[in-house]
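This is what each chain is made of:
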Amino acid sequence: MIRPEDQLRHGHIPADLIPPGTDPRSVVIVHTTPRSWVGPVVLVLVATVGICGLVYVTTVVVLSLVQVATAAAVAVKAAIPALIGGGGLITLALRAPKAPRK
């Protein structure tokens, strides 16, 4: 037993810890309980699972929105010729205004 905490744990009281004039038989050593790491470890695990779940749910929602947007774009692309009244090839062109000449 080299370490002082081991000596104290086994009931050996070093003489330098006893105040002068005190009866060594009346000395009581109170040991503290060792720290439990269960709480912090569980907290980290719960936080990690929560963050991973949030990322998963967010990814599913975004991909669902992209899928809905894709389906809507395909439907609009298919519906435009019928809405305009032409069954053939339709080309949309935009004309930009020309800058005034000086």
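Our subject in this report is the structure included herewith.

Rules behind the numbers
Along each chain, residues carry numbers from 1 onward, in the same order as the chain's sequence is written. Only residues with pLDDT of 70 or above have their local features reported here, since the model is predicted, and side-chain atom pairs are shown and tallied only from 80 upward, although totals for entire chains, interfaces and linings are computed over all residues. Excluding hydrogens and water, the side-chain values take into account all heavy atoms of the structure. Labels follow the DSSP assignment, with helices taken as runs of H or I lasting at least four residues and strands as runs of E lasting at least two, numbered in each case from the N terminus. A 1.4 Å probe rolled over the protein chains alone gives each residue an accessible area, and that area as a share of the maximum for its type sets the label: buried under 20%, exposed over 50%, partly exposed in between. Only the protein chains shown count as cover for residues, and all accessible areas are computed by the Shrake-Rupley method using a 1.4 Å probe. For Phe, Tyr and Trp, where Trp contributes only its six-membered ring, two rings pair if their centres lie within 6.5 Å, and the inter-plane angle classes them as stacked under 30 degrees, edge-to-face over 60, or tilted in between. Here, over-ring charges are defined by two tests on the NZ atom of lysine or the CZ atom of arginine: distance to the ring centre within 6 Å, and angle to the ring normal within 35 degrees. Polar contacts, as counted here, are pairs of nitrogen or oxygen atoms within 3.5 Å of one another; within protein the pair requires one atom able to donate a hydrogen and one able to accept it, and residues that are adjacent in sequence qualify only if both atoms are side-chain atoms.

Let's shift gears to the overall build of the chain. A count of helices and strands for the chain gives two helices and zero strands. Within the chain, the proportion of its 102 residues that are buried is 3%. Within the structure as shown, the chain displays about 9,700 Å² of accessible surface, and the carbon and sulfur contribution to it stands at 70%.

This brings us to the packing of aromatic side chains. Scanning the model with the defined rule gives zero aromatic pairs in all. Sitting above the plane of the Trp37 ring, Arg35 keeps its charged end 4.6 Å from the centroid.

This part takes up the environment of Ser26. If you trace the backbone, Ser26 turns up in the loop between helix 1 (4-9) and helix 2 (38-84). One polar contact links the side chain of Ser26 to the main-chain carbonyl oxygen of Asp23, over a distance of 2.8 Å.

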